[in-house]
Amino acid sequence: MTSTATPRRWRSAASATLAALALLVLLAGVPMVLWLAAEAPWPDPSTSPHDLANRLRQPISDPLAVELLALIGWICWAAFATTVLREASWYLRHLPRLRGDRTLHAAHLETVSAPRLLIATCIGAIVLTTLAWRTPATSHAAELGHVVTATAAPLPADARSASAAEHVSPRVESAVRYVVRPGDTLWNIAARHLDDPIRWPEIYALSTTLTQPDGGRLTDPDLLTPGWQLHLPTDAHTDPQDSSPPLPDTDNDRAIAPAEDTEDTERAVETPPAPTASERPVQIPVGAASLIGISTATGIAAAVALARRRARRHSQPDLPAERPNLSDAVRAATHAALAAQRAEHDEADAHEAGITRRPPPKQPAPPGTVTCAQRDGTEIPLTALATPGGWNLTGPGAPAAARALAIAILSAAPRVVPQAPHVRLITTQELADTLLPGLHPHVPGWYRAADADEALRIAQATTVERARASDDGRAATELMDVLLLNADLPTEAAAIAHRATSGQLAVLAIAGDQLANTAHLAADGTVEHTSGPESSALSRSGMFVLAPEPTRELIAALTAHTPMTAPPPHRAPEQKPRPDTGSQQTATIPEQEDAAAKPPLTIRLFGGLALHLRNEEVTLSMKEAAKEFLAILAAHPAGLRTEALTDALRLSHDPERATRDLVNLRRAVRRILRQTTGSRSAAFILHTADRHRLDPQAIHTEVDTFTTAISRATRAPHPDARAAALREALDVYHGRLCDGADYPWADEVREHFHHKAIGAAISLADHALNHSDPQQALTLLEHAANWEPTNESICQRIMHLHHDLGQPEAAQHTYQRLTRHLNEIDASPTGATTDLAFSARSARVIKDFRRTIAP
């Protein structure tokens, strides 16, 4: 290296030196102290059993105590040295990846145990510092979040400096100009334009005497500023993918924006590479020490969707109550499933907008498929465990793997009764209570026997039935049984396990040793070693695992579809005469906010994202990633913190890259909004105190109007004031939030607003009935029924009104429509609803009969 190292490098070198000294002292100094204190760590040999007995009867003397302490010290030192060797081996194996991805070190530190953390930190500091001194560090462009144009043009030969001639070989007679981009290093530039990263000193030597646009000079290979010019050797080739930066943020990011970038013209951004298929994960973290497969996550998401539809069947309007949020484990599973569904859209949007998305999960297996492990980024189906001889699952991770397997089977079970499950888990009641406490007694895909003998009989009966069907030429059942037992296996278990066949039977024993194959699992599910004739099925793999708390959360989601007790039939509210306003004081209704005081720009999310300028819809010519950024801010008027926003938008795990992408998204949205409104100074998006939010002085959102109106309705002291607030809320609710866009973050928010809108419609219909306006009430209830067609309470209200209005055919049509929608979720109308529909029909028949016999 031809220049003085930066202070940052010196600090890293000092830290690495201290780490090396600490390891050296512990590895070499401790044995010397122990040897000087007690010499050899083992006692003198005993000549006979009598001699050994005499030694044991002797009281513990001071020398003996010192020797015992020294022996303990030697054992601790041996464990320490072993850990040092393990960590050193890990860093040597991953050295090629550490050259290009320094964050791998931080990720490794999060996975090691507390005793290994200090050792891993020291060895990692030594390795990373060595790599840093061998390769230049990343330019400060990445830290500042700038994106600067990179151009290449030949320079005359006299542009070379005398200093360059001293450091570059005589064959370099001219140079090529290059402008620094964010994230650039001399190493990367040399690799990209010279096809050899080792030639970075040539670029440095050619560029040290150049006066940069800001008046500075290149004096340190680690410090590159965006916009600086570099000279490359003449054999450098240009990069056709070099592109221009986005519009600088002229408000909140003024401190980091280049002074010369002040135009509002659209510019392209650097397009990062899309994640390859191998980078897309198949295991989803759902809590501490808990990983499930993407196929299981998709099954959980389907169960949550069905549970919501069934819960809406009996939901009642309750404006003040907040909808319960999903638990952390269920939210992680559903968001992963939604991210996998829109993986192609995310990759295309990220490429178009020049941002980096975190790798989405891989596509799940077909519905009904149960997966139990992963190897090299691919899910392993449960059929891999259906091998002759069965499997002993041993090690600290065995119970967690059994829990994950049980959840995977439950998630794959069809939620509609006519569809039989493809996989059935057979276990004992005792083991079920241990693995999955609180499980509903009737869950598809699960059979709990009283004891192990009964579980064996159930599994054997299926095997016998399959054999009889084969002998009779009948189609055998496609059901696969998974027999999961404790270590204490009956004697018949080994014989049944010997007949295990792929797709038909798998026999597993937790902490057992009587079956033919064994897999020893670490706490994180990693299969450390296997044995047996079928050991290759799980070798070099990692089983999915679940801790008890995430397991309970997932059980609640998977059993939430259990049918509920039907509510009592709805009775239409008694119609009351309109109160005499002359005999009492007129209620004060809050005045509507003056339309002129509202900002001219309105963002609508209900029914789909739309932009309105002075009540006229304008075309939203915005990239999809920027649309999602605008939508999530509009859905959260109070704003979101950067960390929450990064997770919701699925941006890169790298904080610097994610921050840069947020800056680019913010600038892109501001640019479009400024072009739309003609304003050159409005901020539109505020970024203060690590929180992003829309500027309420410049943008009005209908989400804000809806939530404010609902809140005002819950506090209104008078029915008329409450009704006015509810009308205001329904005026802006045109459909589901972000309808047509499957953003993962919108899932729970959409459900919340949907529930509030239905409650508002029902409450306003009751208000209309109380004021003798059944037609208005019927219109509102029909709107609510269209929004939620499986809600039986709403349909009961509609049928009551149709009957009261003398429209029995309309009531019957409502009943048929409800029946059709309930069939989709394997349900049928309650007896009260049926009686209501047929009572209306009976009344019509009697009326027609009396008309026919009348004289």
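Quick look at the overall build of the protein chain
- Helix and strand counts for the protein chain stand at 28 helices and 22 strands.
- Taking all 855 residues of the protein chain together, 48% fall into the buried category.
- Summarising the internal contacts of the protein chain: among those between residues at least 6 apart in sequence, 72% fall at separations of at least 24.
- Here the protein chain has roughly 41500 Å² of accessible surface; of this, 56% comes from carbon and sulfur atoms.

Brief notes about the sheet that holds strand β6 (residues 371-375)
- An order of β7-β6-β15 is seen for the three strands of this open sheet, with the pairing classed as antiparallel. Single-partner strands in this sheet number two, and they are β7 (378-381) and β15 (542-543).
- The sheet contact formed by β6 and β7 spans four bridges and is antiparallel. Bridge assignment links R375 to a residue of β7, and that residue is T378.

Overview of the packing of aromatic side chains
- Counted under the stated rule, the structure contains nine aromatic pairs.
- Plain terms: the ring middles of F606 and F753 are 5.5 Å apart, the flat faces sit at 85° to each other, and that makes the pair edge-to-face. Here F606, found in the loop between β16 (601-604) and β17 (610-613), pairs with F753, found in helix α24 (residues 746-770); they are 147 residues apart in sequence, far enough to count as distant. Each member of the pair, F606 as well as F753, carries the same accessibility label: buried.
- Centroid distance Y733 to W787: 5.0 Å. Interplanar angle 80°. Geometry classified as edge-to-face. On the criterion of sequence distance, the pair formed by Y733 in the loop between α23 (719-732) and α24 and W787 in helix α25 (residues 774-787) is long-range, its members being 54 residues apart.
- Of the aromatic side chains, those joined through ring pairs into one cluster are F606, F706, Y733, F753 and W787.

Concerning unusual backbone geometry
- Although it is not a glycine, R540 adopts a positive phi angle of roughly 55°.
- Tracing the chain through its elements places R540 in the loop between β14 (527-531) and β15.
- On the basis of relative accessibility, which here comes to 62%, the residue R540 falls in the exposed class.
- We note that S772 has phi near 55°; this positive angle belongs to a residue other than glycine.
- Mapped onto the elements, S772 comes out in the loop between α24 and α25.
- Residue classification places S772 among the partly exposed residues on the basis of a relative accessible area of 46%.

A closer look at the pattern of salt bridges
- This model, assessed by the stated rule, comprises 21 salt bridges.
- R280 is the salt-bridge partner of E347, the closest N and O atoms lying 3.9 Å from each other. With E347 in helix α13 (residues 343-353) and R280 in the loop between β3 (229-233) and β4 (283-287), this residue pair connects regions lying 67 residues apart in the sequence.
- Its relative accessible area of 15% is what places R280 among the buried residues.
- D346 serves as the salt-bridge partner of R650, at 2.8 Å between the closest nitrogen and oxygen. Separated by 304 residues along the polypeptide, R650 in the loop between α20 (642-648) and α21 (655-677) and D346 in helix α13 bring together distant segments of the chain.
- What you see here is one network of salt bridges that share partners, running through R342, D346, R357, E628, R650 and D742.

Observations concerning the confidence of the model for the protein chain
- Averaged over all residues, the pLDDT of the protein chain equals 76, while 75% of them reach at least 70.
- Taken as a whole, residues 1-5 scores under 50 in pLDDT and shows 14 contacts with residues more than four places along the chain or in a different chain.
- Taken as a whole, residues 562-596 scores under 50 in pLDDT and shows 40 contacts with residues more than four places along the chain or in a different chain.

Some words on the nonpolar core
- By size, the foremost hydrophobic cluster in this structure holds 75 residues, and its most contacted members are L605, F629, F706, L737 and W745.
- If sequence neighbours within four positions are ignored, F706 has contacts with F606, A729, V732, Y733, F753, K756 and A757.
- One finds A340, A408, W446 and L538 within the second-largest nonpolar core, a separate group that totals 63 residues.

Overview of the packing of helix α26 (residues 792-804) against helix α27 (residues 808-823)
- Running from N to C, α26 and α27 point in directions that differ by 165°, and their axes come no closer than 8 Å. Classified by the angle between their axes, α26 and α27 sit roughly antiparallel to one another. Note that α26 runs across α27; the crossing there is left-handed. Note on element contacts: α27 touches α26 through P808, A810, A811, T814, Y815, R817, L818 and L822, opposite E792, C795, I798, M799 and H802.
- Each residue belonging to the contact of α26 with α27 can be placed in one class, and the counts come to nine nonpolar, two polar and two charged.

Some words on the environment of S793
- Inspection of the secondary structure puts S793 in helix α26.
- Not counting the four nearest positions on each side in its chain, S793 is found in contact with R313, S315 and Q316.

Considering the sheet that holds strand β22 (residues 699-701)
- One open sheet holds the four strands; their spatial order is β18-β17-β16-β22, and the pairing between them is mixed. Each edge of the sheet is formed by a strand with only one pairing partner; in this case those strands are β18 (616-618) and β22. Averaged over all adjacent pairs, the angle separating strand axes in this sheet is 35°, with direction ignored.
- Bridge count between β16 and β22: three bridges; the pairing is parallel. Bridge pairing links T602 to H700 in β22.
- Packing of α21 onto the sheet brings it into contact with β16, β17, β18 and β22, and relative to β17 it is tilted by some 35°.

Quick look at the side chain of S295
- By the element assignment, S295 lies in helix α11 (residues 294-312).
- Beyond its immediate chain neighbours, meaning those up to four positions away, S295 contacts P364, A365, T369, T371 and E379.

Comments concerning the environment of A493
- Tracing the sequence through the fold places A493 in helix α17 (residues 492-498).
- Note on A493: relative accessible area 1%, which makes it buried.
- Spatially, the C-alpha atom of A493 lies 8.2 Å from that of V507, the residues being 14 residues apart in sequence.

A closer look at a nonpolar patch on the surface
- A grouping of L18, L21 and L24 is seen on the molecular surface, where their side chains present a nonpolar patch of about 320 Å² in accessible area.
- Take L18: it is sitting in helix α1 (residues 7-38).
- Residue L18 is classed as exposed on the basis of its relative accessible area of 59%.

Topic: the environment of A398
- Its place among the elements puts A398 in helix α14 (residues 398-412).
- Taking the relative accessible area as the measure of exposure, A398 reaches 1% and is therefore buried.
- The spatial distance from the C-alpha of A398 to the C-alpha of D524 is 9.7 Å, given a sequence separation of 126 residues.
- Each residue touching A398, except ones within four places of it in the same chain, is listed here: L393, I510 and L521.

Here's the deal with helix α16 (residues 452-472)
- For α16, which comprises 21 residues, the first-to-last C-alpha distance of 30 Å matches the rise-based estimate of 30 Å (1.5 Å per residue) to within 8%.
- Here the buried face of α16 lies against β9 (423-428), β10 (446-449), β11 (480-485), α17 and β12 (505-510).
- Near the N-terminus of α16, the side chain that reaches the backbone nitrogen of D453, with its oxygen 3.3 Å away, is that of D451.
- Phi turns positive, to about 75°, at G473, one or two residues after α16.

Rules behind the numbers
Residues numbered from 1 in each chain as written. Predicted model: local features only at pLDDT ≥ 70, side-chain atom pairs only at ≥ 80, totals over all residues. Heavy atoms only, no water. Helix = DSSP H or I, 4+ residues; strand = E, 2+ residues; numbered from the N terminus. Buried < 20%, exposed > 50% of the residue type's maximum accessible area, 1.4 Å probe, protein only. Contact = heavy atoms within 4.5 Å. Areas by Shrake-Rupley, 256 points an atom, 1.4 Å probe, with all protein chains shown as cover. Pairing = 2+ DSSP bridges. Phe/Tyr/Trp six-rings, centres within 6.5 Å; stacked < 30°, edge-to-face > 60°. Salt bridge = Lys/Arg side-chain N within 4 Å of Asp/Glu carboxyl O. pLDDT = per-residue confidence, 0-100. Core = buried A, V, L, I, M, F, W, Y, C linked by side-chain atoms within 4.5 Å. Axes fitted to C-alpha atoms, helices over the stretch in contact; angles between N-to-C directions. Parallel < 35°, antiparallel > 145°, perpendicular 65-115°, else oblique. Left-handed = near helix turned anticlockwise from the far one by under 90°. Nonpolar A, V, L, I, M, F, W, Y, C, P; charged D, E, K, R; others polar. Patch = residues over 30% accessible without salt bridge, like charges linked within 9 Å, V, L, I, M, F, W, Y side chains within 5 Å. Expected span 1.5 Å × (residues − 1). Polar contact = N/O pair within 3.5 Å; in protein donor to acceptor, adjacent residues only side chain to side chain.

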